[in-house]
Structure formats: structure tokens, C-alpha cells
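# Examination of the molecular architecture
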Amino acid sequence: MSMDKASADCPYPGCFFCVMKEGNPSKRRVSILKFFRELPSQDDDGQVLPISGLWNTAMAHPNDPEFIELGIFECMSALIWKGLKNRRWLSHDQNIYIPYYAAHIIGSYTMNMEEFAERAVRAGIIPPLVELLRGRLTWVEQRVAVRALGHLATYASTFPAVASHGEILELSIQLAMSSLEIVYSHFYQYVDRRLSYHCDLLTRGMGGVEMESRKAEEWASQLQCWSLQLINCFAFKPEFVPTICKLEFLAKLPGMWGGLVNENSPAGIGLLRTICHHKLGRGPVAACPGIIEALCNIARSSDDWQYMAIDCLLWLLQDPSTSHKVIEKAVPALVDLAEISSLGDHKKLGDSIANVLQECIESQGTGRTQINSHVKEIEELLNSKQRLKWEKNMPKEDLHIKQAAALVVKLEGNSLFSSGNISGAAAKYSEALALCPMRSKKERVVLYSNRAQCLLLLQQPLAAIGDATRALSLHNPVNRHAKSLWRRAQAYDMLSLAKESLLDAILFINECSQSNDPDLSLRQNKVPDYAERLVKKQMRAAWLFREAAIKHGGVQCEGDAGDMCGQETDDSEWETASESEIGNDERDEIGDDICGWENEVERKDKYKKASIKEIKHGYNVQLNEDDV
């Protein structure tokens, strides 16, 4: 069917869908070309239908060159300009959707193919996308504009065209910092003021208020993450680093954890890693103590961002101009991580850490660093590395004797723990670690994890985090020791580090679902009560819109325990998520949490009052012959 003749059942002459049914390939191409040329100048009703069809096609087949060659970029650019300049047309029928779909189509077709991106730039799509990025319409259009510009900025051939618009970088920085507040105040906060087309786009017309709110969180996270991705493209070029390294922005980067919703996003830590790769960037990063502390926490984490934070700390330590500023916080974190063998594609990562720390000691005499307070920690680490080399030449009988001696001392520690002598048990586990052969990694994992439990009960959460991290670093596979994850989650909770605690608690539940340990296995797909309570608490505290809600009066906080009051998450959301994560293990579940999740003062008091029988059950995971 041609463009000039509609089918009997089609109300729109020249309908795009009719064009697509044309059987003759040559006629079809001519008709599509004509359609793309004429569409921006038409004012007929029903234009959103072919645009939404193109949107579906672009998402399903982003590498198909047909529409690219026939002028889709020119058409989409013209439609965005029309929406920006002609508000009467934009408000007519359903045209309000068209700029969103047009920008999304551009982003989808430039996502994978550099040659498509080059065609898009030649078609003049950057200026209208910049107008959307500036907020000429709404945050919904900003989201797809920053996505499309981010794709264009990833290619060497099209980055200069993006960079030539100087305001793009500044706009992206502002958007990364304000995106969550924008979405909260313009959509999430007031249900009755939500624009209907925003609701329809978020849920495709299939969700109520609850679904709209959940999708708003996801889209807000994407808006921030895609802004960071675009900034990251600029950060690879040294000339843009000073613009990015403004203290206000850098200080916020460690907290941009959009990856809790967008699990594939490197979030703020990915951008920090790019910045730290430049000498120009390391100075401003090192000058902000809060960033270094956050990097240390992320370096100890058990997720895909861990290696990024470790890289940042190593580069900062190796730079003579920044090492003295970061050494106080960085060294303890890196010492805890120095027994990691490999992390993803990073082979012998622990050896790299040890080498950098050794360089720090060697540079002490030159006055470049101030490391006196950490010399003992580093020397102990280096001695342990040397012990491992010696053990390779040690007779097996001697190693077995050392292993047996360590086992005896560990059992003495377990006995002291059972009798309530927590500090004595911790001392015994330290003694056992000194005896235990370095290559006996499984035994060392248990000893570090046991000592971490003791340190928790002794109200030493920082030290407990260190020992739990060492256990997780030694474990094979790395970061997968369930009891250490749980103990570190508790320690982070004691320090009101909600996101870190949440990640470890979720990983703990995942490990429980796969564990053969009767202390850890789950029954009837049910999340342990104490773990569920911690996750719910931390989900509230780490809520994406928390800061925006506090600023706009949507959340009232009391005390300094880090608990959120007023804004409650829907319990069914976690239960649904947990059921999809947990395996079907029929063993007995872990007992109830002996402490609940009250405020910090009450928790500390209950730690002191809880009986050893209670400590061994539930909240702290049961004692068995190997582990407490």
C-alpha cells in the first residue's frame, strides 16, 4: 500500500504501519523516506502512534541500519525542535509524548554503533538534545536526553561534537547532584500533582500509584547514573578534569549509589576512579577527608565497585603529592584487603596492595609520607607474606603440627566464648592466627570471622569490620563467607552506615539460600526474621529520596541513630524480592534476632545484657565446633 492510499480499516491516510506492510522493498524504502521527511511538518492527530512504533523498533533492533539511512535522525531532531518551539502543537492530542520518544529513539540507535552516532551528529541532533538537557520541558525528557548524549560521548569520533557544546558538562554535573531532588519534588512527593503522561510513560499505563512511585525511584536513579556516565566521558580528557573537580560535586560522588537500583552502573565510584587516574584529579580528591573514608568503606565492600575503590586508594598512595593526605585512613583498609588473591579480572590484587604498602614504608625516610602510626600493621602484613614463602619449604610434618596447635587454641577460644569470656576468646583466636599456617585459608577464614564476632560483642565495630573483611578476602570464592557478611553487616549498622550494611545483609541472605551449613540454611523460602528486619531498616535509611524528602519535609528524623521515621517502605516489596532470591532449602531456619533493631543506645545495652545462650542463637549465628 502506498503513502497516498489508506487501507479500508485504517483511519489515518499514509499511516506508517501501512507503509511498513508494503511488500515491494523499493517502494517501501521510498515511502519510509517520504514519511520521515513529511512527518515533522504535519499537524494531524495520531502522530504519537507511529513514533511509539518507531520507539519499539529502535529498542528491539538498535543495530538495524534501515531507518538510519532513510533519515530517522533528521526526523526526530525536527520533532524535538517542534515540541520546544510550538507549545500549542505540543499540548494538542498526545503530542506531549513525542519529544520523549524522539530522544529515546536517538539514544537507542546510537547505543552500540559508532557509525550511527556519526550519522546522528551530522543530522544535527545535539542542539535539540541540549535544550532538553537544560530542562526546557521536564525531567522525563532530561532523562532520555542525557542518555542519548552519553552514548554519543563514548565514541572517539563523536565526542568532540558533544564537547563543543561547553554547557553540556556543567549541565550534567548539576543534574547528577540535583536529579533525585528534582524527581522527588516534581513527581514523587505529591501524588495528585503528577503529570498524567509521566505516569503513563513510567508504567506504560499498567500501574497504580504504588507502581508509579517505584518506577520513579528507578528513573531517578537512571537520570543520575546516566548523568555520571556522560561526565565520565569528559573525565577521561585532562582538560575537563578541573571543571569536574569542584569540591561540592566531589564530596557527593561517594554517596551516588544509583547502582542499588541500576546494578550495572559504576555510580559515583566509577567517576572517582577516572578522576583519580589523572594527577590533576588526585589532589582535589585527597583534599576531601570524607571521600577517602567513603573510598575505604567501598574498598571493603563485596560488590563490583570494590576494585574501583581499591584502585583509587592505590593511586592516591603512590602519588607523592597525595599519599600523606590519605595514608591515615587508606592503610588500615588496604591491610585488611591484602590477602585477596584475585578480584574479577584483577589477578594477584593482594600482592599489588602489599607492594604499594611496602613502597610507603620505604619512602618514609624521604619525608614524603607520615606513616609511623601504621608501620607495625604493614610490617605484620609483609611478614605474613614472607611466612607464606617460608612455608613452601617447610616439611609437611611441621606444617601439620602448627595446624594442629592452632586448632587446639581455637577450640580453647570457642570454649571461652561459650562460657561468656568474650575478650579471652578473642585473645585465643589471635593466638591461633599466629600459629595457623598461612596456606590454611579455610581455617584462617573461621578464625578471623570468630574474632570479628567477639569484637562486635566487645563494642569494637571498626575492628570487627576489619576482621570480617579479612575473612571475606581469604574466602574462596572471595566475599562469599556468609557469617562474615552478616557480622560485617551488624558492625556497619552499629556505625550507622546503612548502604554498606544493606549490601552485606542482602549478600548474606543470598549465601544462606545456597549454603549447606545447617546453621545458615533456610526453610520454606523464608528470609530469617532478624535479616529481614535489618534489610527493611537499612532500605529505609538508604532510601534513594531520603535527603530530598528530609529537605522538603517528607521525612522527620529523630535522634542520631540513623533510623528513618515517617517514611515506611512497603513490606510486601521486600518479601516479593526475597522470595525470588531464596532457594528452597528445607533445613531449620536461623532463630530470631535477640536485639531487634531499636536505637543505638538500646542495642548497646542489649549486647551487654544478652545471655551467651542467646548470643549463640539467631542474631549472631549459632556456635558449632568450627565457628561461633
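Residues numbered from 1 in each chain as written. Predicted model: local features only at pLDDT ≥ 70, side-chain atom pairs only at ≥ 80, totals over all residues. Heavy atoms only, no water.

As recorded in an unreviewed UniProt entry, the protein goes by the name ARM repeat N-terminal plant domain-containing protein, listed as coming from Anisodus tanguticus.

### Remarks on the overall build of the protein
Just so we agree on the cut-off: Working definition: helices are DSSP H or I runs of at least four residues, strands are E runs of at least two. Numbering for both runs from the N terminus. Exposure categories follow from relative accessible area, calculated using a 1.4 Å probe and restricted to protein chains: below 20% of the type maximum is buried, above 50% is exposed, and the middle band is partly exposed. Two residues qualify as a contact provided that any one of their heavy atoms is within 4.5 Å of a heavy atom in the partner residue.
Helix and strand counts for the protein come out as 34 helices and 2 strands. The buried share among the 628 residues of the protein stands at 54%. Considering only contacts within the protein whose residues lie at least 6 apart along the sequence, 71% involve residues at least 24 apart.

### Some remarks on the environment of Ala123
With respect to the element layout, Ala123 can be found in the loop between helix 8 (114-122) and helix 9 (126-133). Overall, the relative accessible area of 16% leaves Ala123 in the buried class. It is 7.6 Å that separates the C-alpha atoms of Ala123 and Ser77, two residues lying 46 residues apart in sequence.

### Side note on the confidence of the model for the protein
In low-pLDDT regions, the fine details of the predicted coordinates are not to be read closely. What counts is decided by this rule: Known as pLDDT, the predictor's per-residue confidence is scaled from 0 to 100.
The share of residues in the protein with pLDDT of 70 or more is 82%, and the mean pLDDT across the chain is 83. Within the protein, helix 32 (residues 571-581) has the poorest average pLDDT of any element, 29, and helix 9 the best, 98. Note on residues 1-8: pLDDT under 50 across the span, and 15 contacts to partners over four residues away in sequence or across chains. Taken as a whole, residues 557-625 scores under 50 in pLDDT and shows 166 contacts with residues more than four places along the chain or in a different chain.

### Focus: the side chain of Ser449
Quick note on the threshold: What qualifies as a polar contact is a pair of N or O atoms within 3.5 Å, subject to a donor-acceptor requirement within protein and to the restriction that residues adjacent in sequence count only when both atoms come from side chains.
Following the sequence through the fold, Ser449 ends up in helix 26 (residues 441-457). Only 3.0 Å separates the side chain of Ser449 from the side chain of Ser484, close enough to count as a polar contact. Once residues lying within four places of it in the same chain are set aside, the contact partners of Ser449 are Ala471, His481, Lys483, Ser484 and Arg487.

### Comments concerning the packing of helix 10 (residues 139-153) against helix 12 (residues 167-188)
As a reminder, the rule being used: Helix axes are fitted only over the stretch in contact, all axes being lines through C-alpha atoms; the angle between N-to-C directions runs from 0 to 180 degrees. Crossing handedness is read from the near helix: turned anticlockwise from the far helix by less than a right angle, it gives a left-handed crossing, and turned clockwise, a right-handed one. The nonpolar class holds Ala, Val, Leu, Ile, Met, Phe, Trp, Tyr, Cys and Pro. Asp, Glu, Lys and Arg form the charged class, and all remaining residues, Gly among them, are polar.
Running from N to C, helix 10 and helix 12 cross one another at 145°; their axes reach a closest spacing of 10 Å. Considering how the two elements wind past one another, helix 10 and helix 12 form a crossing that is left-handed. Across from Trp139, Gln142, Val146 and Leu149 in helix 10, the residues of helix 12 making contact are Ile168, Leu175, Ile182, Val183, His186 and Phe187. Among the residues making up the contact of helix 10 with helix 12, the classes are represented as 8 nonpolar, 2 polar and no charged.

### Some details on the packing of aromatic side chains
The test is simple: Within 6.5 Å between ring centres, the rings of Phe, Tyr and Trp (the latter by its six-membered ring) count as paired, and their orientation is classed by plane angle as stacked under 30 degrees, edge-to-face over 60, tilted in between.
Counted according to the given criterion, the structure contains 22 aromatic pairs. A ring pair is formed by Trp486 and Tyr530, whose centres lie 4.9 Å apart and whose planes are at 70°; its orientation type is edge-to-face. Taken together, the positions of Trp486 in helix 28 (residues 482-494) and Tyr530 in helix 30 (residues 529-541) put the pair 44 residues apart, joining distant regions of the chain. What makes Trp486 buried here is its relative accessible area of 0%. Take Tyr530: its relative accessible area is 0%, and that puts it in the buried class. Following the ring pairs from residue to residue traces out a cluster consisting of Trp55, Tyr97, Tyr100, Tyr101, Trp139, Phe187, Tyr197 and Trp219.

### Observations concerning the state of the cysteines
Applicable threshold: Pairs of cysteine sulfur atoms within 2.5 Å are what we label disulfides.
Enumeration over the complete set of coordinates arrives at 0 disulfides. Looking at Cys312, it has no disulfide partner, and the nearest cysteine sulfur is the one in Cys276, 4.0 Å off.

### So, the environment of Asp336
Relative to the helices and strands, Asp336 is located in helix 21 (residues 323-337). What Asp336 contacts, discounting residues up to four positions off in sequence, is Arg300, Gly466, Thr469, Arg470 and Ser473.

### Some remarks on helix 9
Judged by how many residues are buried, helix 9 sits mostly within the fold: 7 of 8 residues are covered. The complete set of buried residues in helix 9 reads Ile126, Pro128, Leu129, Val130, Glu131, Leu132 and Leu133. As for helix 9, its buried residues are in contact with helix 5 (72-85), helix 7 (98-109), helix 8, helix 10, helix 11 (159-163) and helix 12. Two residues or fewer after helix 9 comes Gly135, characterised by a positive phi angle close to 90°.

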